[in-house]
Amino acid sequence: MLSLDVVEAFDRVSHVRLLHTLKMKRTSSYIIEWTRSFLENRETSLIFDEQTSDMREINAGISQRFLISSILFLFFNASLIKKCEALRIKIEVLDFVNDINILVYDRFIEEICRTLSKAHDVCAKWACTHDATFASEKYELTHFTRKSKRFNMMTSIQIESSVIKLKSDIRVLKMQLNMKLQWSAHLRQIKTNHVTRMLTLSHLEVFTWKAIFTKARQVYSAVVRSEIAFEASVWHQRDKKDELLSKERRLETLQNQTLRHVAEAFKRVNIETLKTETYMSSLHVHLNML
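Residues numbered from 1 in each chain as written. Predicted model: local features only at pLDDT ≥ 70, side-chain atom pairs only at ≥ 80, totals over all residues. Heavy atoms only, no water.

### Focus on the overall build of the chain
Broken down by element type, the chain carries 11 helices and 12 strands. A globule of 290 residues ought to have a C-alpha radius of gyration of about 19 Å, yet the chain, at 24 Å, is considerably larger. Counting across all 290 residues of the chain, residues that qualify as buried make up 40%. Within the chain, residue pairs in contact and separated by at least 24 positions form 63% of the contacts whose partners lie at least 6 positions apart. Summed over its atoms, the accessible surface of the chain is roughly 18300 Å², and 53% of this surface lies on carbon and sulfur atoms. One finds the centroid of the 44 positive side-chain charges in the chain at a distance of 8 Å from the centroid of its 34 negative side-chain charges. (Helix = DSSP H or I, 4+ residues; strand = E, 2+ residues; numbered from the N terminus. Rg over C-alpha atoms; globule rule 2.2 N^0.38 Å. Buried < 20%, exposed > 50% of the residue type's maximum accessible area, 1.4 Å probe, protein only. Contact = heavy atoms within 4.5 Å. Areas by Shrake-Rupley, 256 points an atom, 1.4 Å probe, with all protein chains shown as cover. Lys, Arg positive; Asp, Glu negative; His and termini not counted. Charge placed at Lys NZ, Arg CZ, Asp CG, Glu CD.)

### Brief notes about helix H1 (residues 15-24)
All buried positions along H1 are accounted for by His-15, Leu-18, Leu-19, Thr-21 and Leu-22. With its buried residues spanning 155° around the axis, H1 presents them on a single face. The outward face of H1, more than 90 degrees from its buried face, is lined by the exposed residues Val-16 and Met-24. Residues of H1 that are buried make contact with helix H2 (29-39) and helix H3 (68-76). Where H1 terminates, the next one or two residues include Arg-26, which has phi positive at roughly 60°. (Arc of directions from axis to C-beta.)

### Quick notes on the side chain of Asn-178
Position of Asn-178 relative to the elements: it lies in strand E12 (residues 175-178). Taking relative accessible area as the criterion, Asn-178 reaches 10% and is therefore assigned buried. Apart from the residues within four sequence positions on either side, Asn-178 is in contact with Phe-144, Ser-168, Asp-169, Trp-183, Ser-184 and Ala-185.

### Let's talk about the pattern of salt bridges
Summed over all chains, the structure comprises 6 salt bridges. A salt bridge links Arg-36 to Glu-33; the shortest N-O distance between them is 3.5 Å. Of the two residues, Arg-36 and Glu-33 both sit in helix H2, 3 residues apart, roughly one turn of that helix. On the basis of relative accessible area, Glu-33 is assigned to the partly exposed category, the value being 45%. Taken together, the shared-partner salt bridges in this structure form one network comprising Glu-252, Glu-272 and Lys-275. (Salt bridge = Lys/Arg side-chain N within 4 Å of Asp/Glu carboxyl O.)

### Regarding H3
Looking only at H3, the buried set comprises Ser-69, Leu-72, Phe-73 and Phe-76. Down the axis of H3, the buried side of the element spans an arc of 100°, and every buried residue falls inside it. Structurally, H3 contributes buried residues whose contacts are with H1, H2, helix H4 (78-85) and helix H5 (109-129).

### Re a positive patch on the surface
A surface patch of like charges, here positive, comprises Lys-90, Arg-107, Lys-147 and Arg-150. Residue position: Arg-107 is located in the loop between strand E7 (99-104) and H5. For Arg-107, a relative accessible area of 66% puts it in the exposed group. (Patch = residues over 30% accessible without salt bridge, like charges linked within 9 Å, V, L, I, M, F, W, Y side chains within 5 Å.)

### Quick look at the packing of H2 against H3
Relative orientation of the contacting elements H2 and H3 amounts to 115°, with a least axis distance of 13 Å. One finds that H2 runs roughly perpendicular with respect to H3. Pair H2 / H3 crosses with left-handed handedness. Contact residues: H2 offers Trp-34, Thr-35 and Phe-38, while H3 offers Ile-68, Ser-69 and Leu-72. Counted by class, the contact of H2 with H3 contains 4 nonpolar, 2 polar and no charged residues. (Axes fitted to C-alpha atoms, helices over the stretch in contact; angles between N-to-C directions. Parallel < 35°, antiparallel > 145°, perpendicular 65-115°, else oblique. Left-handed = near helix turned anticlockwise from the far one by under 90°. Nonpolar A, V, L, I, M, F, W, Y, C, P; charged D, E, K, R; others polar.)

### Some thoughts on the pairing of E12
Where burial is concerned, the two faces of E12 agree: the one with Met-175 and Leu-177 and the one with Gln-176 and Asn-178 are both buried. Bridge analysis of strand E11 (residues 169-172) against E12 gives 4 bridges, and the strand direction is antiparallel. Residue pairing for E12: Ile-170 is matched across the bridge by Leu-177. Between E11 and the antiparallel strand that follows it, E12, lie 2 residues; Leu-173 among them carries a positive phi value of about 50°. (Pairing = 2+ DSSP bridges.)

### Brief notes about the packing of aromatic side chains
Under the counting rule described, the total for this entry stands at 6 aromatic pairs. Where Phe-76 meets Trp-126, the ring centres are 6.0 Å apart and the plane angle is 65°; that geometry is what we call edge-to-face. Of this pair, Phe-76 sits in helix H3 while Trp-126 sits in helix H5, placing them 50 residues apart in sequence. Of the two residues examined, Phe-76 and Trp-126, each falls in the buried class. Ring pairs connect the aromatic residues Phe-10, Phe-73, Phe-76, Trp-126 and Phe-134, which therefore count as one cluster. Here Arg-42 stacks its cationic end above the ring of Phe-38, 4.7 Å away from the centre of that ring. (Phe/Tyr/Trp six-rings, centres within 6.5 Å; stacked < 30°, edge-to-face > 60°. Lys NZ or Arg CZ within 6 Å of the ring centre and 35° of its normal.)

Here it is in structure tokens:
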């Protein structure tokens, strides 16, 4: 898999290209006109050292303040995905806004690297015609296999004058994937993010709500546990009794720590009693319900 990053993705969107793409996708005329109205009549100015410049019209870019902006950008680079898939090789393109991940599958890593180079050439040509730029210093490459000893996992690719170094894990749509697809990298990321969420929850309780249990539980249920269970449909299998339960036990520990914090309970309080008092089901039950 080769991960690409578009520089200033929203700011460099061509209005003409975007409207043309909507027409090619046979989008309703009233939606196209609404989009044109959304993009037009935008102005900006610069403030520097208490000096303000004259207002100037903006003829490119999409404001990131609106939810519709991400959807419009997906339309804008839809032609890139179509061109990559037109290569008629074993390739899949996973794309969301400025993160573009090119997945190639084959029996030989050398063939995979050659295919990724061809796909990058297609991306480079698309960038030239759409006034886009890829940040080559942010390129990431990794190989996925459960049988790493059968392949040369250190095989890299050269794009233009730079060699893309191999990484042991890669970020794909907020998920961390490692070479062996064992989800250990994703679990480490969950634990790292959990520390930040706990600190935020503590500040909210102390300085905003003054330790109101109902609101603290609501934040945990809506935000913290949702992040712990993010994309559980991918890495969790229902009622599996072996290795997947070991992953759940590690995440269950995070939930138990948070519940003790939310309920202000002592460490010796039985965890089943704590779940009952906080009206919170076990993480295993929660994952099975997703």
